Each structure stands twice: as structure tokens, then as C-alpha cells.
Amino acid sequence: MTQDELKQAVARAAIEYVPAGEIIGVGTGSTANFFIDELGKIRDRVKGAVASSEATAARLKSHGIPVLDLNEVDSMSVYIDGADEINPQGDMIKGGGAALTREKIVASVAGKFVCIADGSKLVDVLGAFPLPIEVIPMAQAAVARKLKTLGGEPRLRVKDGKPAITDNGCMIIDLVGMKIAKPAELEAQINNIPGVVTVGLFAQRGADIALLGTAEGVKKLNF
């Protein structure tokens, strides 16, 4: 099976976790896009969705799914999103699509986090994927100097020859070359650096369930 076929398989499996008549949170990225397309097939069952990015909001609306502002929502039963890496404890690296802050905010409101990914994203130790950190633009250089002391190599993310800008008007620093043995501790440490909006470690609030696409079918992990 191709990687896209594996992503499509977990997207279909995730529909089982969509409660009828409720509002759900929806993530950002290629796997989340497959899920949104599947969600469009049952849109009459969905009361609405909170999107973690402008791109996700646009895709949801294209399928006729109402998109709500998080400020209008008191709670959600489930948040469904992909991951760039996930370990056997349910800790994740997210932010390859530069939506890490909104993803973390939406996930914090949901009762359950369902991670959907192809099986290659399951790793023993996080860090092979560069760790994204969203930063206030004026603090970019100062934050990079602090990050370098942690042992990785900070690299400003660039798109089309310019610094990549998030939906929040901020920049992304990718921390390369880290082996993250204690994700929750590192998450707290980086989040305490002045100028950091948030780091793409989802360990203090990790996944509750992972649906992983493999050649043998969709594998489910509970955390």
C-alpha cells in the first residue's frame, strides 16, 4: 500500500470516533485532509467542527461542514489529527504544517485525542523529525540562542525564500538533531523560554488513541 492509501485507511477508521450530532475538533495536514474528506460523506451527522488552521477551515467548508470559532464552544468530545512522530506512550511531535499552536489549543478542549497516522510515524524515541517551535518574530534570534543550549540545531523555517509565517503571524524554528528521552520535561522547558508561543511536543497532553495504517491493516493503540 502507498503512504496515501495508509492515510486514507486510518481516516476511514477514525469516522467511528465521530459522535452523531456533536461538535468535533479537526487537525491540520495531509492525513487530516483525508479525514475531512471522509467526514464530508457523513456531514449530515456532524453538528459542526472547530478547525486548527485556516486551511482546515476552508476544506471543512468546502464539504458543507459548519466551522465554529472555539470561543463559541464549551467542550468537544473528540479531537482528531495526525502526527509527525508518535512514541509508544502517546507523546507526539506535531507542527510540520505550522499549525501546532492552534492544534494544541483545540486538543486541550477535547475530551479525547485520536491520532491518525501511517505506521511509519511510530518511533521508539522522538526527535528524528525536526521539532517545531512557534515564536514571536521579535524574539526569533533570542529564542534560537536558548534552543541551541539544549543540544539541537535551531533552523528558521523558510517558505518561498522568506520566513514561514503561521496563521498567528508568528515564525517557526525547527530544532534539528534532538533525541527526546523525556518529552513532557522538554515541552515545559521550551515553553518557558520568553518569546516561545508553544513547542510542537504534545506530551503533557498526548494522544489517547492512535490509529496507525499498516500493510496488515489499521492498528489501534490505547494510551
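Check the entry above for the structure.
What comes next is a walk through the structure. Source: prediction; values computed, not measured.

Describing the nonpolar core
Then, number 1: Membership of the largest hydrophobic core comes to 25 residues, with the highest contact counts inside it found for V18, F35, L39 and I80.
Then, number 2: Of all the elements in the fold, those that place two or more residues in this core are helix 1 (3–14), strand 1 (23–26), helix 2 (30–40), strand 2 (48–51), helix 3 (54–62), strand 3 (76–81), strand 6 (110–118) and strand 14 (209–214).
Then, number 3: Not counting residues within four places of it along the chain, the set of residues in contact with F35 comprises A11, A14, I15, V18, I24, V26, I80 and I116.
Then, number 4: In terms of nonpolar packing, the next biggest core, distinct from the first, is built from 21 residues, I93, I133, V143 and I180 among them.

Describing the pattern of salt bridges
Then, number 1: All chains considered together, the criterion is met by 9 salt bridges.
Then, number 2: We note a salt bridge from K121 to D118, for which the minimum N-O separation is 3.6 Å. For the residue pair K121 and D118, the accessibility class agrees, reading buried in each case.
Then, number 3: Its salt-bridge partner being R157, residue D174 comes within 2.8 Å of it at the nearest N-O pair. Here D174 is found in strand 11 (residues 171–176), whereas its partner R157 is found in the loop between strand 8 (153–156) and strand 9 (158–159), with 17 residues between them in sequence. Here D174 matches R157 in class, with each residue buried.
Then, number 4: Taken together, the shared-partner salt bridges connect D81, K94 and E103 into one network.

So, the packing of aromatic side chains
Then, number 1: Counted by the stated rule, this structure contains 2 aromatic pairs.
Then, number 2: Both rings, one in Y79 and one in F113, keep their centres 5.1 Å apart while their planes meet at 90°; by these two values the pair is edge-to-face. Placement of the pair is Y79 in strand 3 and F113 in strand 6, with a sequence separation of 34 residues.
Then, number 3: Residue class for F113 comes out buried when judged on its relative accessible area of 0%.
Then, number 4: An angle of 85° between the planes, with centres 6.5 Å apart, marks the rings of F113 and F202 as edge-to-face. Taken together, the positions of F113 in strand 6 and F202 in strand 13 (residues 201–202) put the pair 89 residues apart, joining distant regions of the chain. The exposure classification of F113 matches that of F202, with both residues buried.
Then, number 5: Among the aromatic residues, those joined into a cluster by ring pairs are Y79, F113 and F202.

Describing the sheet that holds strand 7 (residues 131–135)
Then, number 1: Strand order across the open sheet formed by 4 strands is 8-11-7-12, with antiparallel pairing between neighbours. Taken across any chain shown, the strands that pair with only one partner, and hence form the sheet edges, are strand 8 and strand 12 (196–199). Strand-to-strand twist across the sheet, computed as the mean angle between neighbouring axes with direction ignored, equals 30°.
Then, number 2: Across the sheet, helix 4 (residues 100–109) lies against strand 7, strand 11 and strand 12, angled at about 70° from strand 12, the strand it touches most.

Considerations on the pairing of strand 6
Within a regular strand, the side chains alternate between the two sheet faces.
Then, number 1: The element strand 6 is largely enclosed, with a buried count of 7 among its 9 residues.
Then, number 2: In this sheet, strand 6 lies alongside strand 3 in parallel orientation, the contact comprising 5 bridges. By the bridge assignment for strand 6, M76 is matched with A110.
Then, number 3: Pairing analysis gives 5 bridges linking strand 6 to strand 14, with the strands arranged parallel. Opposite D118, over in strand 14, you have G213 as the bridge partner.

Here we look at the side chain of E103
Then, number 1: Of note, E103 is situated in helix 4.
Then, number 2: In this structure E103 comes out as buried when scored by relative accessible area, which is 3%.
Then, number 3: With residues near it in sequence (within four places) discarded, E103 still touches T28, S52, Y79, D81, K94, G95 and F202.

Thoughts on the side chain of T198
Then, number 1: Within the element layout of this structure, T198 appears in strand 12.
Then, number 2: Since its relative accessible area comes to 6%, T198 is described here as buried.
Then, number 3: A polar side-chain atom of T198 sits 3.4 Å from a polar atom in the side chain of N191.

Reading the values: the criteria
Residues numbered from 1 in each chain as written. Predicted model: local features only at pLDDT ≥ 70, side-chain atom pairs only at ≥ 80, totals over all residues. Heavy atoms only, no water. Core = buried A, V, L, I, M, F, W, Y, C linked by side-chain atoms within 4.5 Å. Buried < 20%, exposed > 50% of the residue type's maximum accessible area, 1.4 Å probe, protein only. Helix = DSSP H or I, 4+ residues; strand = E, 2+ residues; numbered from the N terminus. Contact = heavy atoms within 4.5 Å. Salt bridge = Lys/Arg side-chain N within 4 Å of Asp/Glu carboxyl O. Phe/Tyr/Trp six-rings, centres within 6.5 Å; stacked < 30°, edge-to-face > 60°. Pairing = 2+ DSSP bridges. Axes fitted to C-alpha atoms, helices over the stretch in contact; angles between N-to-C directions. Polar contact = N/O pair within 3.5 Å; in protein donor to acceptor, adjacent residues only side chain to side chain.

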